[in-house]
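# Analysis of the macromolecular model
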Amino acid sequence: MNTEIKITCFAGLRKFFETQFEMELELPTSYASIIEKLKEQKPEAEEALNNCRIAVNEQFVQLSEQIGSGERIYLIPPSSGG
Amino acid sequence: MKHIQDTEINYIELFGQFRNPNSGAVVLFSGEVRASNKGKEVTHLEYEAYAPMANKLIAEILTEATKKWKLNDALCVHRTGRVEISGCAVVVITGAAHRKEAYAANQFIIDRVKNEVPIWKHEFYADGTSEWGQNCDCATHKQN
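Just so you know, these numbers come straight off a predicted model, no measurement behind them.

## Some details on the overall build of chain B
What chain B contains, in helices and strands, is 3 helices and 9 strands. Ordered by position in the sequence, the α and β elements of chain B form the string β-α-β-β-β-α-β-β-β-α-β-β. Its C-alpha atoms give chain B a radius of gyration of 16 Å, near enough to 15 Å, the size a compact globule of 144 residues would have. Considering only C-alpha atoms, chain B reaches an extent of 50 × 40 × 30 Å along its principal axes. Here chain B, with 144 residues, has 47% of them falling under the buried criterion.

Below, the structure is given as structure tokens:
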């Protein structure tokens, strides 16, 4: 089954990607596949992507977990508040 | 949002809310913008946040600290948007019966906020360049 997911980027990731964009994925697959697909699209973003976490519904998820259909994904770079 | 705001933080007014007959100690930490970093002259900072999640995580950190150190009151507000040199980027206030708990809880809160909450600092330099900041060891953020 194919699904289209909406991805939101923050901070330094916007050097490489639009703030919001969509990606089509074949389910079942894990969150790690989003990162891998983005690395293929933008090899220069590999280091930034390797340091990212993914949040869904305002909670961090493990990259090994399965993506839900039509989920909204937030790519979270390392925090630098304060 | 309660813990994230895009306007100036008035920490004097916030501190006034911490008058409490059960608190023998009130500690206020203000994270302020330095004029230089890594040998470069800084003109200002801009903060970005994933605000709903940042707000929620800060609330959770405050609840955890309040339980752990039996605080009477705890508060944390972080800025988004442009913050000038010497401006307040984040404030943490803790009130407890004794100073040991108030200090320890305050440090715990700011450390957790800096390392875990989705807020990002964009530093702008006098030479016209800019850079997104990093606070922590990225290894701590890697997921499996």
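## Considerations on the interface of chain B and chain A
Contact residues are listed per partner, giving 29 residues for chain B and 26 residues for chain A. Taken together, both faces of the contact between chain B and chain A bury some 2,400 Å²; the carbon and sulfur share is 54%. Between E48 of chain B and R14 of chain A there is a salt bridge, with the nearest N and O atoms lying 2.6 Å from each other. Connecting chain B to chain A are 12 residue pairs in polar contact (both at pLDDT 80 or more). Sorting the residues of the side of chain B that touches chain A by element identifies strand 4 (40-49), helix 2 (51-69), strand 7 (88-96), helix 3 (99-116) and strand 8 (119-125) of chain B as the ones contributing at least two each. Ranked by residues supplied to the side of chain B that touches chain A, first place goes to helix 2 of chain B with 4 residues.

## Things to note about the environment of A74 of chain B
Residue and element names in this part refer to chain B. Relative to the helices and strands, A74 resides in strand 5 (residues 73-79). Note: C-alpha distance between A74 and Q5 (69 residues apart in sequence) is 17 Å. Leave out the neighbours within four places in its chain, and A74 touches F18, L62, T66, I93 and I109.

## Re helix 2 of chain B
Residues and elements named next belong to chain B. Here helix 2 spans 27 Å end to end across 19 residues, near enough to the 27 Å set by a 1.5 Å rise per residue. Taken as a whole, helix 2 has its buried residues at M53, A54, N55, L57, I58, I61, L62, A65 and W69. Directly after helix 2, the chain includes K70, whose backbone phi takes a positive value near 50°.

## Comments concerning helix 1 (residues 32-41) of chain A
All names here are of chain A. Residues of helix 1 that are buried include every one of I34, I35, L38 and K39, and no others. One face of helix 1 carries all of its buried residues, which in axial projection span an arc of 135°. Contacts from the buried residues of helix 1 go to strand 1 (2-9), strand 2 (20-26), helix 2 (46-50), strand 3 (53-56) and strand 5 (72-76).

## Quick word on the state of the cysteines
Cysteine pairs can be covalently joined through their sulfur atoms, and such a bond is termed a disulfide. Evaluation of the coordinates by the stated rule reveals 0 disulfides over all chains. Lacking any disulfide linkage, C9 of chain A is separated from the closest cysteine sulfur, that of C52 of chain A, by 7.5 Å. According to the relative accessible area criterion, C9 of chain A is buried, its value standing at 1%. Free cysteine: C76 of chain B, not disulfide-bonded; nearest cysteine sulfur from C88 of chain B at 9.6 Å.

## Here's the deal with the side chain of S79 of chain A
Assignment of secondary structure puts S79 of chain A in the segment after strand 5. For S79 of chain A, a relative accessible area of 0% puts it in the buried group. At 2.7 Å, the side chain of S79 of chain A forms a polar contact with the backbone oxygen of V117 of chain B.

Conventions used here
Residues numbered from 1 in each chain as written. Chains lettered and ligands numbered in written order. Predicted model: local features only at pLDDT ≥ 70, side-chain atom pairs only at ≥ 80, totals over all residues. Heavy atoms only, no water. Helix = DSSP H or I, 4+ residues; strand = E, 2+ residues; numbered from the N terminus. Rg over C-alpha atoms; globule rule 2.2 N^0.38 Å. Buried < 20%, exposed > 50% of the residue type's maximum accessible area, 1.4 Å probe, protein only. Contact = heavy atoms within 4.5 Å. Buried area = accessible area lost by both parts, 1.4 Å probe. Salt bridge = Lys/Arg side-chain N within 4 Å of Asp/Glu carboxyl O. Polar contact = N/O pair within 3.5 Å; in protein donor to acceptor, adjacent residues only side chain to side chain. Expected span 1.5 Å × (residues − 1). Arc of directions from axis to C-beta. Disulfide = S-S within 2.5 Å.

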